[in-house]
Amino acid sequence: MRKEKLYINGQWQEAASGETFDVLNPADGSLVGKMASAGREEVLQAITAAEQALEEWASLPAQVRANYMKKWHQLLLEKAEKIARTLTMEQGKPLAEALGEVKAAAAFVEWYAEEGKRVYGETIPASSSRKRILVLKQPVGITAAITPWNFPASMVTRKISPAIAAGCPVILKPAEQTPFCAVEIIQLAHEAGIPKGVISLLTGPPEVIGDTLLEDPRIRKVTFTGSTAVGKKLMKKSADTVKQVSLELGGHAPYLVFEDADLDKAVKELIGSKIRNCGQICIATNRLYVQESVEKELVQKLKTAFSGIKMGSGFEEDIQMGPLIDEKAYQKVQEHVEDALSKGATIVTGGEGFHRGEHEKAGYYYKPTILVDVTADMNIMKEETFGPVVPIQRFQSEEEALRLANDSHYGLASYVFTESLSRGLRVSEKLEYGIVGLNDGGPATVQAPFGGIKESGLGREGGHFGIESFLEIKYLSIGIE
Ligand code: ADP
């Protein structure tokens, strides 16, 4: 059976307590392996290792940091299939999706290897001929990165790559459900020769690890992807030492389909937005609004598409959707559907799930589900579902669609389907979201800024934007003769 350790100061080590925790396969609840469980002691060790690595790493030429990262990128591509298998084993998504994710994870490493070379300062004309103004960009410092289970490979590199490219050592705490692909990714960073202390990996009780990192003044930045509730906690706890904070939190994406939309395109893109990763994506569509005149046709087309989706373990051939991550996730999906039904919604397809295996905590599947006769008071229209359910509410006018879409404390992703360029731009500009997919259900990509407004987060990851939050601005005022 697989048993993995913590990575601190360039070495793999057991937890001093000898404690471990179980990692389950979401497909059937079988045991994938055991992972070492860190306590305060190991967290402090990792911080000290990062502190020792900081100065040398930060003062290397960007080109040299890039060379390490390019080697890491190459190793990630060479081992992509192996990591993808681990990913599917511990996370459940179909193998083809897992492979796509690992390649995306590698792409972040490559992108930031390059971007690190373009950390430009500025010179600014002074008001006096005896002064010069210089603006430098320098690494923020030691960074704590806390990542979720839904993209256990790409979230790891989306955070580590810009940080280390900017010169910041990183302490990574991946989600307890999915530590093993993080272990494989970090092992390749080790093989690429990235010096000790620049990257550490800790797993274990989130609160113990999180609190120890957050209380320590040596940690200067926290970058987090996960739930809004945990993000708020981390932000509060960061206040005592005024750490920089980047947060990618929950979402509740509206999907607007206007009467002038290409309905086949809208259906095809919705499959990507809702079925991929079993709907467990923060930018996944959570509620669909369709203009009244095309509702029947859209629902019919969606029903046909959803009914044809095959579910199963991520390793089975020809499946498009895997299991939910665990029992808690299944219960939430079920509760959202039951609440909607109790308030008058109707099931078009799906509306039920099943369980495989012996373990009560994992092995849960939920059928792709469409709900109609949906109203705004249903929980599913307000809270993140993280499952393959599409509730559909009709609207009459563009104003009404915008009002419904913007009526959320979330502001991550939104989608608009229309063949009218004017409407597309008009509506996109008015949507209160960090990301708009205009006739596009899959906007996330390495070179674009990913992030939300309102309670969906702070800051942007990806592209040239993503490195900024790992850099401090230093102003040098120079007096000359
Ligand atoms: P989810 O509910 O989708 O699992 P979470 O926000 O709970 O999302 O988890 C995202 C990441 O945050 C995981 O790595 C998890 O271990 C971590 N986490 C959860 N609670 C805390 C906490 N109190 N302090 C630090 N990290 C936490």
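It should be emphasised that the depicted structure is a prediction, and the values quoted were computed from it without experimental measurement.

*Asks:* Looking at this structure, how should I read a nonpolar patch on the surface?
*Replies:* A surface patch of nonpolar side chains, about 280 Å² in accessible area, is lined by L421, L425 and L438. Within the secondary structure, L438 is located in strand β22 (residues 435-438).

*Asks:* What's the story with the sheet that holds strand β1 (residues 2-4) in this structure? I'm lost.
*Replies:* As a general point, the strands of a sheet are linked pairwise by backbone hydrogen bonds and lie either parallel or antiparallel. Taken together, the 3 strands give an open sheet; going across it, the order is β1-β5-β4, and neighbouring strands pair in mixed fashion. Strands with a single pairing partner mark the edges of an open sheet, and in this sheet they are β1 and β4 (20-24). Strand-to-strand, the axes of this sheet are offset by a mean angle of 25 degrees, without reference to chain direction. Pairing analysis gives 5 bridges linking β4 to strand β5 (residues 31-36), with the strands arranged antiparallel. Each residue of the ladder has a partner; that of T20, found in β5, is A36. Relative to β5, helix α6 (residues 180-191) is tilted by about 60 degrees, and along the sheet it contacts β1, β4 and β5.

*Asks:* Would you explain the pairing of strand β19 (residues 389-395) in this entry?
*Replies:* The buried fraction of β19 is high, at 6 of 7 residues. Relative to β19, strand β14 (residues 285-291) runs parallel, the two being bridged by 4 bridges. Within β19, the position partnered with Y289 by the bridge is Q393. The pairing of strand β18 (residues 369-372) with β19 spans 3 bridges and is parallel. If you follow I370 over to β19, its bridge partner there is V390.

*Asks:* What's the story with the packing of helix α7 (residues 206-215) against helix α8 (residues 228-238) in this structure? I'm lost.
*Replies:* For any two helices packed against each other, one specifies the inter-axial angle together with the distance between the axes. Viewed as axis vectors pointing N to C, α7 and α8 meet at an angle of 30 degrees, and their least axial separation amounts to 9 Å. One finds that α7 runs roughly parallel with respect to α8. As α7 runs across α8, the sense of the crossing is right-handed. Contacts from E207, D211 and L214 in α7 reach L234, K237 and S238 in α8. For the contact of α7 with α8, a count of residues per class yields 2 nonpolar, 1 polar and 3 charged.

*Asks:* What's the story with the packing of aromatic side chains in this structure? I'm lost.
*Replies:* For any pair of aromatic rings, the description consists of the separation of the ring centres together with the inter-plane angle of the planes. As enumerated under the stated definition, the model contains 9 aromatic pairs in all. Consider the rings of F258 and F395, whose centres lie 5.2 Å apart with planes at 70 degrees: the pair is edge-to-face. Separated by 137 residues along the polypeptide, F258 in the loop between β13 (253-257) and α9 (263-274) and F395 in strand β19 bring together distant segments of the chain. Across this residue pair, the class does not change: F258 and F395 are buried. Here the aromatic cluster, defined as three or more aromatic residues joined through ring pairs, consists of Y255, Y415 and F417. We note R158 situated over the ring of F450; from NZ or CZ to the ring centre the distance is 4.3 Å. The cationic tip of K221 hangs over the ring face of F470; the distance from NZ or CZ to the ring centre is 5.1 Å.

Cut-offs applied
Residues numbered from 1 in each chain as written. Predicted model: local features only at pLDDT ≥ 70, side-chain atom pairs only at ≥ 80, totals over all residues. Heavy atoms only, no water. Patch = residues over 30% accessible without salt bridge, like charges linked within 9 Å, V, L, I, M, F, W, Y side chains within 5 Å. Areas by Shrake-Rupley, 256 points an atom, 1.4 Å probe, with all protein chains shown as cover. Salt bridge = Lys/Arg side-chain N within 4 Å of Asp/Glu carboxyl O. Helix = DSSP H or I, 4+ residues; strand = E, 2+ residues; numbered from the N terminus. Pairing = 2+ DSSP bridges. Axes fitted to C-alpha atoms, helices over the stretch in contact; angles between N-to-C directions. Contact = heavy atoms within 4.5 Å. Buried < 20%, exposed > 50% of the residue type's maximum accessible area, 1.4 Å probe, protein only. Parallel < 35°, antiparallel > 145°, perpendicular 65-115°, else oblique. Left-handed = near helix turned anticlockwise from the far one by under 90°. Nonpolar A, V, L, I, M, F, W, Y, C, P; charged D, E, K, R; others polar. Phe/Tyr/Trp six-rings, centres within 6.5 Å; stacked < 30°, edge-to-face > 60°. Lys NZ or Arg CZ within 6 Å of the ring centre and 35° of its normal.

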